[in-house]
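Spelled out, the chains give:
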Protein chains: 4
Amino acid sequence: MSSTVAAGSKGRVLLAYSGGLDTSCILAWLIEQGYEVIAFMADVGQEEDFDAAREKALKIGAKKFFLADCKKEFVEHLIYPAVQANCIYEGVYLLGTSLARPVIARAMMDVVVTESCQFISHGCTGKGNDQVRFELAFYALQPDIKVIAPWRDPVFFERFAGRQALLDFAAEKGIPVFQTAAKPWSTDENLFHISYEAGILEDPDVTPPADMWKLINGLDKCPTTPERISITFKKGIPVCLLIHPEGAQPVPSTDGTEITDPVEIFLTLNKLARKHGIGRIDIVENRFIGVKSRGCYESPGATILRKAHMDLEGLVVDRNVRALRDQFVTTELSKILYNGYWFSPEREFVQSCLQKSQETVNGRVRLALILGNVIVEGRMSESEALYDAEQVSMDSVTNFDPQATSGFIAIESIRLRKWGEQRLKKGGNVKPESVYAPKTEI
Amino acid sequence: MSSTVAAGSKGRVLLAYSGGLDTSCILAWLIEQGYEVIAFMADVGQEEDFDAAREKALKIGAKKFFLADCKKEFVEHLIYPAVQANCIYEGVYLLGTSLARPVIARAMMDVVVTESCQFISHGCTGKGNDQVRFELAFYALQPDIKVIAPWRDPVFFERFAGRQALLDFAAEKGIPVFQTAAKPWSTDENLFHISYEAGILEDPDVTPPADMWKLINGLDKCPTTPERISITFKKGIPVCLLIHPEGAQPVPSTDGTEITDPVEIFLTLNKLARKHGIGRIDIVENRFIGVKSRGCYESPGATILRKAHMDLEGLVVDRNVRALRDQFVTTELSKILYNGYWFSPEREFVQSCLQKSQETVNGRVRLALILGNVIVEGRMSESEALYDAEQVSMDSVTNFDPQATSGFIAIESIRLRKWGEQRLKKGGNVKPESVYAPKTEI
Amino acid sequence: MSSTVAAGSKGRVLLAYSGGLDTSCILAWLIEQGYEVIAFMADVGQEEDFDAAREKALKIGAKKFFLADCKKEFVEHLIYPAVQANCIYEGVYLLGTSLARPVIARAMMDVVVTESCQFISHGCTGKGNDQVRFELAFYALQPDIKVIAPWRDPVFFERFAGRQALLDFAAEKGIPVFQTAAKPWSTDENLFHISYEAGILEDPDVTPPADMWKLINGLDKCPTTPERISITFKKGIPVCLLIHPEGAQPVPSTDGTEITDPVEIFLTLNKLARKHGIGRIDIVENRFIGVKSRGCYESPGATILRKAHMDLEGLVVDRNVRALRDQFVTTELSKILYNGYWFSPEREFVQSCLQKSQETVNGRVRLALILGNVIVEGRMSESEALYDAEQVSMDSVTNFDPQATSGFIAIESIRLRKWGEQRLKKGGNVKPESVYAPKTEI
Amino acid sequence: MSSTVAAGSKGRVLLAYSGGLDTSCILAWLIEQGYEVIAFMADVGQEEDFDAAREKALKIGAKKFFLADCKKEFVEHLIYPAVQANCIYEGVYLLGTSLARPVIARAMMDVVVTESCQFISHGCTGKGNDQVRFELAFYALQPDIKVIAPWRDPVFFERFAGRQALLDFAAEKGIPVFQTAAKPWSTDENLFHISYEAGILEDPDVTPPADMWKLINGLDKCPTTPERISITFKKGIPVCLLIHPEGAQPVPSTDGTEITDPVEIFLTLNKLARKHGIGRIDIVENRFIGVKSRGCYESPGATILRKAHMDLEGLVVDRNVRALRDQFVTTELSKILYNGYWFSPEREFVQSCLQKSQETVNGRVRLALILGNVIVEGRMSESEALYDAEQVSMDSVTNFDPQATSGFIAIESIRLRKWGEQRLKKGGNVKPESVYAPKTEI
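Small disclaimer: the values here were computed from a predicted structure and weren't measured. (Residues numbered from 1 in each chain as written. Chains lettered and ligands numbered in written order. Predicted model: local features only at pLDDT ≥ 70, side-chain atom pairs only at ≥ 80, totals over all residues.)

This part takes up the overall build of chain A. Within chain A one finds 14 helices and 14 strands. Along the first, second and third principal axes, the C-alpha set of chain A runs to 85 × 60 × 45 Å. In chain A, which comprises 442 residues, the share counted as buried stands at 57%. Taking the intrachain contacts of chain A between residues at least 6 apart in sequence as the baseline, contacts between residues at least 24 apart amount to 72%. (Helix = DSSP H or I, 4+ residues; strand = E, 2+ residues; numbered from the N terminus. Buried ≥ 20, exposed ≤ 12 C-beta atoms within 10 Å, placed from the backbone. Contact = placed C-beta atoms within 7 Å.)

In structure tokens form, the structure reads like this:
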């Protein structure tokens, strides 16, 4: 029975396994240390030979192997809320790695519970964000779980101080090693994005080589004519993607291929964005532990979705709701995601008003994709009517008394005039040196 | 003497004159109403025949004509602080019109004071943002100024209810009208940007015609090879633009043409961005008076600068300072600019800490410009050293004890584990329906 | 039938009537102007002879008179959400007037709809907050309602320029005037508070005379022994008030009188606070229209509730949720209330996450009331367990590895040490003039 | 020479010494471990026999003893900026302990530098805030300092697991122990406040015994007549305290005793507040490490100053500046202080705009102190004139056109009416269940 740990065992560990050298060695090492190990993989849309990984894990000595298909959960519970909130970290990073972590952690906890594991282990390094994101999620979901983080355990990291030590250990344990020419950077991939960091990228002034970028076409490979699509949102969630036929004009149209499955919409946007060179990012970001690090990312579909969603919000969300949502939800939820606090009271709190803000985000955005650009060509909403062309038109005075604005300005200026009087009384005048902040001395 | 108003005059008005039909008629009308009128134009970098405008104003009856060259003041006192703060409105609009208003208003107040005007007048319509921006600035700088806003005065707007009435009045007053085919939208231009709004753009689902865009090349007109530049910032201000020679590689280099004059840097960036199709925007935005309106903008150079400045900040600004600056200064200063509160105590307050945040923004960013894209290819800083490649490197344990992270996570998870215990005690588990927010019902 | 306006009438007006001189004259004046008038009073707990007011209104010529009992709605829909959010304006004012306005406006709209009124009118002056609060609520609830605000209509305010003109008009129209010695300030009362402003209070350096304060005992009138009470909250709402017997000791106890009706709880707290001198406020505040004004307030029960609720939150609300709620909900909802935006999308947005934040606010607070002081003597929660005496105890190392804190500090200091190195490199040292901000020059 | 560590020594340690049992044992233990120890005490206004402590430290074996008088630095560089910012943590705690830490840490670093210490040590426990505050300050000021925290070092804390072990060690080392009856709580005192925590206070429902409170009179000991004072601020700093003679009336007056020295003002306010029972606090707060803890505090003078400063700001600070300062500076600086980030880039950033906000905080506040209450009786400013009694007066229409307000409301309601139309179109009405948030279900 699964809850009985083998006699003599230190206990049962669920290991986040990748099939690579590191976690294969960790798997063997944990067994060597006296643990019973169950290997776990999450399918979050990365390119991976899961069967080979399973076989390898079992061969090394894993008692069981679990593969969890997290793609739908990933899209629906993490990615789409992030789209609703226009999440972004430090103005640039779309949080692709961060978004996958809660889903993987939750799926692991599922196995921890059903398989009665006392321990959980992973191959994250000791300086990164992912160890924090995983472990905070583990602890929040199962407060009494015990974490084994070999790369932070001197017994492990002192023994395996370089790649050669791992290779030797692999040889000793009969772990097959596939001799791929190691890339001078490391990557993490899922259906939202791929990240590149470390290695030669550690110098922030080194331009990533063109052949590093794996997902998205370079501009020299992209078609030179625009592809037109329409995305329909309901409560801020994309519910329909319409790919207009080649040569479609920039006008509203219902012609084309229609996709309505949430995961399919996201994957198709990925495909389109990759084709048109959309979604590369290069940033020096601030990790949660307080060091600056350089990361390169390809987030194809998400880049389109963010632009489309933000554009539609301009049409259908109240100004003040939007400003509050931007300042509060967008900023906080992005930070929560980046730092790994998805399973937390503050995320629940923030998300509770996000939903409210999206009730009116119903409508359709027309886009042209071309050469790295996502161009909004039009937007409309059948159900929402905050935009009033008649009202805003300079040619119309219906529903609008221009004199009202005089009163508005008179009242809004009361405070400023009082301040201006005070400023003049204290010797101010209208010269630049009196009215502007001192120029930055350079 | 300038402070003596002609006998029989209702007083002296300084009129913001554009040379166009509207303000020419307003000029004639004000004279007809018994005012003495001084015409004023600000050179904020727009394409304009100022001599022709001067001649026209004087011919219509303006007592004097003032042309103020505001370009340097515009760049140094408004644009560059906005660059330092990464200002943006509703996530999209770079505030080109808003930025010019305080400069023009201040220059007008200069003339108001020296010419002892009791009144000030402008041709802004009654539904827009500009009337508010101008008048709040006027009142803040000279609290006792009196504003004449003809398009909000029924005596005026009822008399001149359509374009034909203006044309008739112009004929009557001998005002020359240049028969240009009227564009089905209106524009406002300065050295930062050009805006397009109204007319056919009032339908937010109408794609702007390709020939509307006046400044920036369409992608089909752009070179297909990247142009490489380096921008050096000092305290967040661009102090050097280096245009690398054609065919330059994506590596640090000091080859090329160097520009160091602040205004010249901005104008050259404009030229480069226009050539490479960079800086078009199409947005439904929320006006200060509370209506939604659709605007299209071309902000070429500013688009490059914003990306470069934000990127450099990643390298040289402390994480927490940046987060606070983003949440507080960027948001507030953008709102202040958009709504027309530049001359206000809150702008002074916000700008006082902006300066502090820019003290370390010293360094150089390398960029490639191509086909609408601004691609960051590298960044470095000689003086600032918050980024530490050694420290962040996965290969190095110098200056970093991996076990410290265990302690960090242990402490950071105290609160979450308490919350998790409570959640489980109340019947929660690890299933999706227990740990996620309810899915948005669509 | 109510929807038929009398022939010759300009239309039907619902008038917010108070029974006083101003609104009685407005009533007569509206009739004189050709309107059919329905008088409306809301019972929000103020001391008032509603029957006399009804009789007077009808005598003056009102077609009908409506009295709406809004007390329960006031407490449940406005006051208690404000308690949940710890609402306060500018750190001092508990928003008693603001809280009553939405309730009154909604009740009036009820009559507007059932009686098919085209107009609504009120006696608010042209400089205050209340006109804005009422009218924004009217427009939000019934966008096509037309407002008649006599004190902003020159036809009215020029005719009735002083009190004598009103008295003369009252005499002419046979409106009975009760000759009460006018107080040199004006007041507004409801079950939450009473406000005093204008008149002698307009000098912010004038101390309010002791006999101005109407509700709350001066300290010289208060008992000198504490009265002990316990308040139980459920989801942030007070659900039980226990008044312990005289002489009760500061220990948990279930002895005493128990009150559980929401309105009754609030009214009883008012009574207790008034007896013990609790809840007087004197403030210079900033009105929505941008002028500073001085207000004095007595908010007895609300003062107790706010302190109790905030104290309990310390025990049962997560730290980060509380910080976000404070910064976001408390601040915004207070501003929304003060400025009169209760019926708005932003209030709905903000309130949606307020509810979430209160889910754990379950527990009981013990208080002593004495001589103007509300003293918290203890708090507990049966259902919530975020507080862990064992965990926090200095004497216990259970569940806590002191070495973890070393790791925590090591990681938290990475960023600061980098900054410190940079500071020293640039010539900083540890002297006061190097490490502190420049002292304010005075 | 001070920079030469004795041969055989592990290095030189600067120890934050208190004279008590813990740090005396730590001193002896450090020597036993092979360190050379310098003892350090900071005079931050606590009641202490510094001479006895010096003698004791030297007797135990400290090489040197330093006493730093930090009182003036404490008041001027920490307390007064906190007064300017109205700092408060979680709505209740005035941050008395937090405020002292940076001053002590800085003074220690002074000695570390002059005495060339490689190590620094303290007696803080492993669960509290103070260890974090001290060490973050140490690292920020001297990034290469090494910290010895015995209560987090298992070698130490396992050896000295209970009080008896410490007593035994003291006996062994000849450390004199003064047999005071230990209080069932621990305290920390400085000139700002005294704190009480731990022991019997760990049950948050235990009322602190009356004789715990050491500084401030119980209400039964307070005079029953008010004492009147006037405090004058310049740029937000108290520059003059005027104590009016007994029996003074609540009117502006210059009679009385005047105090102008910054430290003296603070100490005198302490004395007055203690006499009148002002400044007791009892709170469950959230520590930086994420646990909830209960603290009781007496902050006499600070309580008066905060109320006075906030009141004056109402008169002289612009509304929008104040709102931004409250939301941004007050909140952030309080958090920075509590968590121990005084020496950080974010504190410098925040403080840079605090200064700006205080430029107009010039004026005088009149207060009555009585029975735990601080009652504002009036305020005035000679130099600042944002308050305009004429303008705000209901009796005056000078400088104010009541019709302007109609325009203001018309414009402000555009957005709300659009929203209201939309709401009605979607089936909303004016009934409570349609316009309010769902009532909290209890």
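Having seen the model, we can carry on.
For the rest of this paragraph, the subject is helix 11 (residues 345-357) of chain D. In a regular helix each residue adds 1.5 Å, so 13 residues correspond to 18 Å; helix 11 of chain D covers 19 Å between its end C-alpha atoms and thus fits that length. Among the 13 residues in helix 11 of chain D, ten count as buried, and that is most of the element. Within the sequence span of helix 11 of chain D, burial applies to Pro345(D), Glu346(D), Arg347(D), Glu348(D), Phe349(D), Val350(D), Gln351(D), Cys353(D), Leu354(D) and Ser357(D). As for helix 11 of chain D, its buried residues are in contact with helix 10 (319-339) and helix 11 (345-357) of chain B, helix 13 (402-425) of chain C together with helix 3 (71-84) and helix 10 (319-339) of chain D. (Expected span 1.5 Å × (residues − 1).)

Before going further, it helps to spend a moment on the relation of the copies chain C and chain D. The second copy of the chain is related to the first by a rotation about an axis and a shift along the axis. Superposing chain C onto chain D takes a rotation of 180 degrees plus a shift of 0.0 Å along the axis, which leaves an RMSD of 0.0 Å. Given the turn and translation reported, the copies of this chain are related as if by a two-fold rotation axis. Looking at the interface residues of chain C, 100% of them are also at the interface in chain D, so both copies use one shared face. (Least-squares fit on C-alpha atoms with pLDDT ≥ 70 in both.)

What follows deals with the relation of the copies chain B and chain A. For these two chains of identical sequence, chain B goes onto chain A by a turn of 180 degrees and a shift of 0.0 Å along the axis, with RMSD 0.0 Å. An overlap of 100% is found between the interface residues of chain B and their copies at the interface of chain A, pointing to a shared contact surface.

Let's shift gears to the interface of chain C and chain D. Each partner contributes residues to the interface: chain C has 105 residues there, and chain D has 105 residues. Per element, the largest residue contribution to the side of chain C that touches chain D is 13 residues, and it comes from helix 13 of chain C. Residue composition of the side of chain C that touches chain D, grouped by class: 50 nonpolar, 29 polar and 26 charged. (Nonpolar A, V, L, I, M, F, W, Y, C, P; charged D, E, K, R; others polar.)

A separate point is the domain arrangement of chain A. All names here are of chain A. Each assigned domain of chain A is listed here: domain 1 (11-182) and domain 2 (188-317 + 360-380). Look at where the C-alpha atoms of domain 1 and domain 2 centre, and you get two points 28 Å apart. Considering each element in turn, the side of domain 1 that touches domain 2 owes the most residues, nine residues, to helix 3 (residues 71-84). The residue inventory of the side of domain 1 that touches domain 2, partitioned by class, reads 13 nonpolar, seven polar and six charged. (Domains from an automatic or database assignment.)

Before going further, it helps to examine the UniProt feature "domain: Arginosuccinate synthase-like N-terminal" (unreviewed entry) in chain A. UniProt tags residues 12-176 of chain A as "domain: Arginosuccinate synthase-like N-terminal" (unreviewed entry). The annotated region residues 12-176 of chain A carries 50% helix and 16% strand content, and the separation between its end C-alpha atoms amounts to 24 Å. (UniProt positions renumbered as here; feature names shortened; annotations may be inferred.)

This part takes up the sheet that holds strand 9 (residues 237-243) of chain B. Residue and element names in this part refer to chain B. Pairing in this open sheet of five strands is antiparallel, and the strands run 10-9-8-13-14 from one edge to the other. Lying at the two open borders of the sheet, with one neighbouring strand each, are strand 10 (257-259) and strand 14 (373-380). This sheet shows a mean twist of 25 degrees between the axes of neighbouring strands, independent of strand direction. Bridging between strand 8 (residues 227-234) and strand 9 involves six bridges; their strand directions are antiparallel. Across the sheet, the residue bridging to Lys234 is Ile237, located in strand 9. Contacts from helix 8 (residues 262-275) reach strand 8, strand 9, strand 10 and strand 13 (363-370), with the element oriented near 50 degrees to strand 9. (Pairing = 2+ DSSP bridges. Axes fitted to C-alpha atoms, helices over the stretch in contact; angles between N-to-C directions.)

Residues and elements named next belong to chain D. Spatially, 3-2-1-4-5 is the arrangement adopted by the five strands of the open sheet, whose pairing is parallel. Sheet topology places strand 3 (64-69) and strand 5 (146-148) at the edges, where each strand pairs with a single neighbour. Along the sheet, successive strands turn relative to each other by an average axial angle of 25 degrees, direction set aside. Relative to strand 5, strand 4 (residues 119-121) is paired through three bridges, and the arrangement is parallel. Within strand 5, the residue paired with Ile120 across the bridge is Val147. Strands in contact with helix 1 (residues 21-32) are strand 1 (11-16), strand 2 (35-43) and strand 4; relative to strand 2, the strand with the most contacts, it is inclined by about 155 degrees. Sheet strands in contact with helix 4 (residues 96-114) are strand 1, strand 2, strand 3 and strand 4, and its direction is about 140 degrees off that of strand 2.

Residues and elements named next belong to chain C. At a minimum axis separation of 9 Å, helix 1 (residues 21-32) and helix 2 (residues 50-60) run at an interaxial angle of 30 degrees. It follows from the interaxial angle that helix 1 and helix 2 lie roughly parallel. Classified by chirality, the crossing of helix 2 by helix 1 is right-handed. Across the interface between the two elements, Ser24, Leu27 and Ala28 of helix 1 pack against Lys56, Ala57 and Ile60 of helix 2. Residue composition of the contact of helix 1 with helix 2, by class: four nonpolar, one polar and one charged. (Parallel < 35°, antiparallel > 145°, perpendicular 65-115°, else oblique. Left-handed = near helix turned anticlockwise from the far one by under 90°.)

As a further point, take the interface of chain B and chain A. Contacts between the two partners involve 105 residues from chain B, matched on the other side by 105 residues from chain A. Counting residues per element, the side of chain B that touches chain A draws most heavily on helix 13 (residues 402-425) of chain B, which supplies 13 residues. Looking at side-chain class alone, the side of chain B that touches chain A contains 50 nonpolar, 29 polar and 26 charged residues.

Our next topic: the environment of Glu264(C). With respect to the helices, strands and loops of the structure, Glu264(C) is situated in helix 8 (residues 262-275). With 128 residues separating them in the primary sequence, Glu264(C) and Val392(C) have C-alpha atoms 39 Å apart.

What follows covers helix 8 (residues 262-275) of chain D. Residue and element names in this part refer to chain D. Helix length check: helix 8 (14 residues) gives 20 Å between terminal C-alpha atoms against 20 Å at 1.5 Å per residue, within 8%. Residues of helix 8 that are buried: Ile265, Phe266, Leu269, Asn270, Leu272 and Ala273. Taken from the residues just after helix 8, Gly277 is the one with a positive phi, measuring 70 degrees.

Turning our eyes to something else, we now look at the packing of helix 8 (residues 262-275) of chain A against helix 9 (residues 300-316) of chain A. Residues and elements named next belong to chain A. Contact pair helix 8 / helix 9: the axes reach a minimum separation of 7 Å and the direction vectors enclose 100 degrees. Taken together, the axes of helix 8 and helix 9 are roughly perpendicular relative to one another. Here Phe266, Leu269, Asn270, Ala273 and Arg274 of helix 8 lie close against helix 9, whose contacting residues are Pro300, Gly301, Thr303, Ile304 and Leu305. Of the residues that constitute the contact of helix 8 with helix 9, the class distribution is six nonpolar, three polar and one charged.

This brings us to the environment of Leu136(D). Within the element layout of this structure, Leu136(D) appears in helix 5 (residues 130-141). When neighbours within four sequence positions are excluded, Leu136(D) is seen to be in contact with Ile409(C), Glu412(C), Ser413(C), Leu416(C), Gly340(D) and Tyr341(D).

Attention now goes to the pairing of strand 11 (residues 280-286) of chain A. All names here are of chain A. When you tally the buried positions in strand 11, you get six out of seven residues, the bulk of the element. When strand 11 meets strand 12 (residues 292-298), the two strands line up antiparallel, connected through seven bridges. From the neighbouring strand, Ile281 faces strand 12, where its bridge partner is Tyr297. In textbook terms, the turn of a hairpin is the stretch between consecutive antiparallel strands, and for strand 11 and strand 12 this stretch comprises five residues, one of which, Gly290, has a positive phi near 100 degrees.

Trans is the prevailing form of peptide bonds, just as negative phi is the prevailing case for residues other than glycine. All names here are of chain A. Residues other than glycine seldom take positive phi values, yet Ala198 does so here, at roughly 65 degrees. Following the sequence through the fold, Ala198 ends up in the loop between strand 7 (194-197) and strand 8 (227-234). A tally of 21 C-beta atoms within 10 Å means that Ala198 is categorised as buried.

Time to look at the pairing of strand 7 of chain A. All names here are of chain A. Pairing analysis gives four bridges linking strand 6 (residues 186-189) to strand 7, with the strands arranged antiparallel. Directly across from Asp188, in strand 7, lies its bridge partner Ser195. Two successive antiparallel strands, strand 6 and strand 7, enclose a turn made up of four residues. Summarising the sheet, strand 7 and strand 12 pair through four bridges and their orientation is antiparallel. Note that in strand 12 the partner of Ile194 across the bridge is Glu298.

What follows concerns the confidence of the model for chain A. The predicted model of chain A has a mean per-residue pLDDT of 94, with 97% of residues at 70 or higher. Among the prediction metrics, the complex's ipTM stands at 0.95, with pTM recorded as 0.96. (pLDDT = per-residue confidence, 0-100.)

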